[in-house]
Amino acid sequence: MTKRPIFASLLLLSSALVAPAALAQDAAAEPASPAADEPAPQEDEQGDVSIPGGSGQEIVVTGRFTPNVVRATPEVVSVLSSADIARTGEGDISGSLQRVTGLSVVGGGFVYVRGLGDRYSLALLNGSPLPSPEPLKRVVPLDIFPSNVIDSTLVQKSYSVNFPGEFGGGVINLTTKASPRETFLTVSGGIGWDSETTNQLGYTYYGSDTDWTGFDDGTRDIPHSLAAALASGKPILEGADFSDDDLEAIAMDLVNAPTTLLQQNNHIPVNWSAGLTGGTTIALPDGELGIIATAGISNKWRTRDTLQQTSVNADLSGDPQTSYNRVVTDNRVVVNGLLGFGLELGDQKIRWTSLYIRDTLKQARLALGTDRNQSDRDIMKQDTAWYERQLINTQLVGEFKFDRLSVDLRGGYANSQREAPYERSFTYVRTNLPVEQDPTGDKFVNDLGGNKGDATIAFSDLNEDLWSGGVDLSYELAPQLTATVGYAYSDTHRVSSRRSFQYRASNLPVAVQQLRPDYLLSDATIQLYDITLLETSAQDGTAAFDANLTTHAGYAQLQAELMAGLNVNAGVRYEDAKQTVAPIDLFNSGSSAIVPTNLKNDYWLPAITLTWEVAPDMQLRLNGSKTIARPQFRELVAQVYQDPESNRLFRGNPSLTDSTLWNAEARYEWYFDRDQRFSAAAFYKSIDNPIEAYTSISDSSVNTSYANAPKATLYGAEFELQKYIPLDTMSDAAFWQSRRLVLIGNYTYTKSDIQVRDGDTTTINGVVHDAGDYFFDGSPLTGQSDHLVNVQIGLEDTDRLSQQTLLLTYASPRVTSRGPSGQPDLLEKPGISLDFVARQGLQLMGKEIELKFEARNLTGRSYKEVQEAGDNRIYFNRYKLGRSFSLSASVKF
């Protein structure tokens, strides 16, 4: 055949452009290379394809065989198959995604596509939206998804109208494991070591007996006295229906030593993980029922010896305003489970999937430093915290075919939660004054709320529910023309609260001020010295908020072959959204100083992609579209939140508005052999009202907020090469006959500019400001690196599992936030990271065993977030990442 009709290849993908989950499922079904026990399809000279079947049967499909999903789809996509994910060896899906062309992972699993921040990317699970357990984000962090529950991942960079309109950089669709072809049971386990953490000095605290599982045993439950006070609708203060005795009783009811006493551990334990996966297929009279289940747990430690500084000088000259050396030890436990059922009756398919993920972080911090606001004092800070993030997701998807008509139905419910009970912080001060001026001048003391230290505790809770549904109808009007219409609905509701308190006392004796934290807050000390617990939660409603986002969308799309080798996918989406964020009046005051945010907008969002097959193995793509980006919930409420990762305070801006993006792309693709390709692309985006983070310093605290910049542009180019080189010609030895060299590389160049003209304004908390006071003309967008490089060089066996892969990643410096008060921007310097992953399969006692060895960050790079002005440098955050090594094994029964 001399040409490739589009619908020959789109038979595989007809539902993919309608139900987003389908494309990723097909990607999963197409291995990156044939397995040893799974012969590859063979193509004869006429283009017919012979697919080996069971019991010696052979199925013949006539037509041009196009096995590559990336090539077959009419959009610009990248696909991580299960084989690709396994080759990277990453434990979570965000680690695998950073190997994809144009993608980078920033700040705990948030994916940036072509330099655009996480607000411009959209994450879906089997085609349905996901809620976020993060207080600062509406986008789910992808590091909470273990690789063992994900079968494949599709990244689409060109917009098509079957996806939601919040599509700035791209959409990331995760597909969970599907029904198995055969009954199996796999047991896995592993251990890991980190050069900066394992068997090294770190800090922790007791907590509860079951902390190692990621579940608290009830120790951190809010005591009844405090729960009743919180529900009273009154601020927990003296004179607000609470006596001193009441406040003392509440303080004594709180769990003390297990959540307060910081303990030094000179031998931090090793990391470990365990998993169990099984599945089977039950034959039915007219079809089959597949069942799959997986469960896993990982327990990892990380210690960071950080340097954190700030400056108030525009040129960063002189000594830092604040400078702290802080040791942070995290114990992170991730528990996951998945249960899926797939029913196939002829061409009709129904799939039900439920996913559970719990990500718990137990954190201990100890800091020593100086603050120029407090003269020559030395300051010691101790923090203990427990953060629970949880995601529950259940989905029902149906795919039905009736001759020329295809009907896809999907519905889902997801719930995410974040609880942070017993966030404790203690500050001790040493004045360094002569004894005659201060009897405690040479000692660290805490006078509980005077001018020498303090003690605080906070309880925060976040709950988010997301209901979604959709229907898509696709009808083949003619052999080369298919029309699709669809409707999608989603409703997201989030309630978040944070109640904070301070311990107060007056005239504590010097000997008491020197007590360690658990003795300082013991029942005896509280009673003897009248220590009370006073609420410091903001009383204007900003300590809690209620947020909702409801969208209704309809779209129409046409897929057609305009002429031989020229295909079009065009459509338009109408999307209506109502977004509200309202402060909750915790204390029934009847008024709030914060005005609720009410955004109600509707958009017509067109998209078109042309694909021209210029040669049998070459094609050009052109894409143009309009998309949007909405403010995230927490960005719209003036509620203060402290990020435990950066030790930075965040506060929202109720005056934020939606951003509008115009997108264009041109792409060349050459598929010169099976699973081998070269591509080059150029892209351009114009963004109206982009939302940017800016930083300010107040009372020695670093505060980050958000504002709409007037305009920005982003443009760049990317290149990708995937090549396999057989090594059987190197030698006649049996070792080389089935081995090949794997070369995979990609490079992305991105340039962005914020545009600020005279007279441009931005609105912050209802007040109009000169945009030039917050943004510099020509500055890059936050999170954008000019250069991204990924290289994989590997050796693998095509007959059996044997892979050895070097993985190199480089990202050039990127802005994390605008600098405060005219200072330089804050820059993160990711640098070069080199990993090595080896996987080896073997047979032992009739069982399939896979061994995996990982070595990460072999270059020993450090994390650096800095400000630079000439030779002056301020480290907002700097620490060594450490080299890590792990060994794991799985046995298939």
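Quantities reported herein were computed from a predicted structural model and do not represent experimental measurements. (Residues numbered from 1 in each chain as written. Predicted model: local features only at pLDDT ≥ 70, side-chain atom pairs only at ≥ 80, totals over all residues. Heavy atoms only, no water.)

The next subject is the overall build of the protein chain. In terms of helices and strands, the protein chain carries twelve helices and 45 strands. Counting all 893 residues of the protein chain, 55% fall into the buried class. Here the analysis covers contacts within the protein chain between residues at least 6 apart in sequence; of these, 73% occur between residues at least 24 apart. Looking at the protein chain as shown, the accessible area adds up to about 35,400 Å², and 56% of this sits on carbon and sulfur atoms. (Helix = DSSP H or I, 4+ residues; strand = E, 2+ residues; numbered from the N terminus. Buried < 20%, exposed > 50% of the residue type's maximum accessible area, 1.4 Å probe, protein only. Contact = heavy atoms within 4.5 Å. Areas by Shrake-Rupley, 256 points an atom, 1.4 Å probe, with all protein chains shown as cover.)

Ile236, Leu448 and Tyr503 are the most contacted members of the largest nonpolar core, which totals 27 residues. Those elements that place two or more of their residues in this core are helix H6 (224–230), helix H7 (244–253), strand S19 (405–430), strand S20 (454–478) and strand S21 (481–504). Apart from the residues within four sequence positions on either side, Tyr503 is in contact with Ala251, Leu254, Arg424, Leu448, Gly449, Ala455, Thr456, Ile457, Leu521, Ile531, Thr532 and Leu533. Listed in part, the 25 residues of the second largest apolar core include Leu97, Phe145, Ile292 and Ile357. (Core = buried A, V, L, I, M, F, W, Y, C linked by side-chain atoms within 4.5 Å.)

A few words on the sheet that holds strand S4 (residues 77–80). Pairing within the open sheet is mixed, and its five strands lie in the order S4-S9-S10-S7-S8. With one partner strand each, in any of the chains shown, S4 and strand S8 (128–129) form the two edges of the open sheet. Where strand S7 (residues 121–125) lies against strand S10 (residues 170–176), five bridges are found, and the strand directions are parallel. Looking at the pairing, Leu122 lines up with Val171 of S10. (Pairing = 2+ DSSP bridges.)

As a further point, take the pattern of salt bridges. If you walk through the whole model with that rule in mind, you get 45 salt bridges. For the salt bridge of Asp688 with Lys711, the shortest nitrogen-to-oxygen distance reads 2.9 Å. Remark: Lys711 occurs in strand S33 (residues 711–726) and Asp688 occurs in strand S30 (residues 676–688); sequence separation between them is 23 residues. Residue classification places Asp688 among the partly exposed residues on the basis of a relative accessible area of 29%. Here Lys829 and Glu868 are joined by a salt bridge, their closest N and O atoms 2.8 Å apart. One end of the pair, Lys829, is in the loop between strand S40 (826–828) and strand S41 (831–844); the other, Glu868, is in strand S43 (residues 862–869), with 39 residues separating them in the sequence. (Salt bridge = Lys/Arg side-chain N within 4 Å of Asp/Glu carboxyl O.)

Overall, the predicted model of the protein chain reaches an average pLDDT of 85, with 88% of residues at or above 70. Ranking the elements of the protein chain by mean pLDDT puts strand S2 (residues 49–52) last with 34 and strand S12 (residues 202–204) first with 97. This model gives residues 1–66 a pLDDT under 50, and the stretch forms 149 contacts once residues within four places in sequence are excluded. (pLDDT = per-residue confidence, 0-100.)

This part takes up a nonpolar patch on the surface. On the surface, Leu185, Val187, Leu276 and Phe893 cluster together into a nonpolar patch covering about 340 Å² of accessible area. Mapped onto the elements of the fold, Leu185 is located in strand S11 (residues 184–194). (Patch = residues over 30% accessible without salt bridge, like charges linked within 9 Å, V, L, I, M, F, W, Y side chains within 5 Å.)

Let us now look at the packing of aromatic side chains. Using the criterion set out here, one finds 14 aromatic pairs in the structure. Taken together, the ring pairs in this structure connect Tyr159, Phe163 and Phe167 into an aromatic cluster. Above the ring of Tyr205, the side-chain terminus of Lys362 is found at 4.9 Å from the ring centroid. We note Arg516 situated over the ring of Tyr519; from NZ or CZ to the ring centre the distance is 4.2 Å. (Phe/Tyr/Trp six-rings, centres within 6.5 Å; stacked < 30°, edge-to-face > 60°. Lys NZ or Arg CZ within 6 Å of the ring centre and 35° of its normal.)

The next point concerns the environment of Asn446. Counting through the fold element by element, Asn446 comes out in the loop between S19 and S20. In this structure, Asn446 is in contact with Phe426, Thr427, Tyr428, Lys452, Gly453, Asp454, Ala455, Leu508, Gln513 and Leu520, ignoring residues within four places of it in sequence. At 3.2 Å, the side chain of Asn446 forms a polar contact with the backbone oxygen of Thr427. (Polar contact = N/O pair within 3.5 Å; in protein donor to acceptor, adjacent residues only side chain to side chain.)

It is worth spelling out H7 at this point. Every buried residue of H7 is accounted for by Leu247, Glu248, Ile250 and Ala251. Projected down its long axis, H7 shows its buried positions confined to an angular sector of 160°, all on one face. Residues of H7 that are buried make contact with H6, S21, helix H11 (523–528) and strand S22 (532–535). (Arc of directions from axis to C-beta.)

The next point concerns unusual backbone geometry. Of note in the backbone geometry, Asn689 takes a positive phi value of approximately 60° without being a glycine. By secondary structure assignment, the location of Asn689 is in the loop between S30 and strand S31 (691–698). Assessed through its relative accessible area of 32%, Asn689 is described here as partly exposed. Unlike most non-glycine residues, Asn857 shows phi in positive territory, near 55°. Mapped onto the elements of the fold, Asn857 is located in the loop between strand S42 (847–856) and S43. A relative accessible area of 6% means that Asn857 is categorised as buried.

Mapped onto the elements, Ser500 comes out in strand S21. A residue is classified by how much of its surface remains accessible, and Ser500, at 17% relative accessible area, is buried. When residues no more than four places from it in sequence are discounted, the contact partners of Ser500 are Ile457, Ala458, Leu534, Glu535, Thr536 and Ser537.

Attention now moves to the pairing of strand S14 (residues 271–284). Bridge count for S11 against S14 is nine bridges, and the pairing is antiparallel. Opposite Thr186, over in S14, you have Thr277 as the bridge partner. Sheet topology places S14 next to strand S15 (residues 287–310); 13 bridges connect them, and they run antiparallel. Note on S15: the bridge partner recorded for Thr277 is Thr294. In this structure, the hairpin formed by S14 and S15 is closed by a connection of two residues.

Taken together, the side chains of Asp209, Asp217, Asp221, Glu419 and Asp461 make up a negatively charged region of the molecular surface. When you line up the elements, Asp221 lands in the loop between S12 and H6. (Lys, Arg positive; Asp, Glu negative; His and termini not counted. Charge placed at Lys NZ, Arg CZ, Asp CG, Glu CD.)

As a further point, take the pairing of strand S29 (residues 659–673). Bridge count for strand S26 (residues 618–629) against S29 is twelve bridges, and the pairing is antiparallel. Following the sheet pairing, Ala629 is matched in S29 by Ser659. Summarising the sheet, S29 and S30 pair through twelve bridges and their orientation is antiparallel. Bridge assignment links Leu661 to a residue of S30, and that residue is Ile687.

Here the focus is the environment of Gly652. One can find Gly652 in the loop between strand S28 (648–650) and S29. When its relative accessible area of 2% is taken as the criterion, Gly652 is described as buried. Remark: the alpha-carbon pair of Gly652 and Pro631, spanning 21 residues in sequence, is separated by 9.9 Å.

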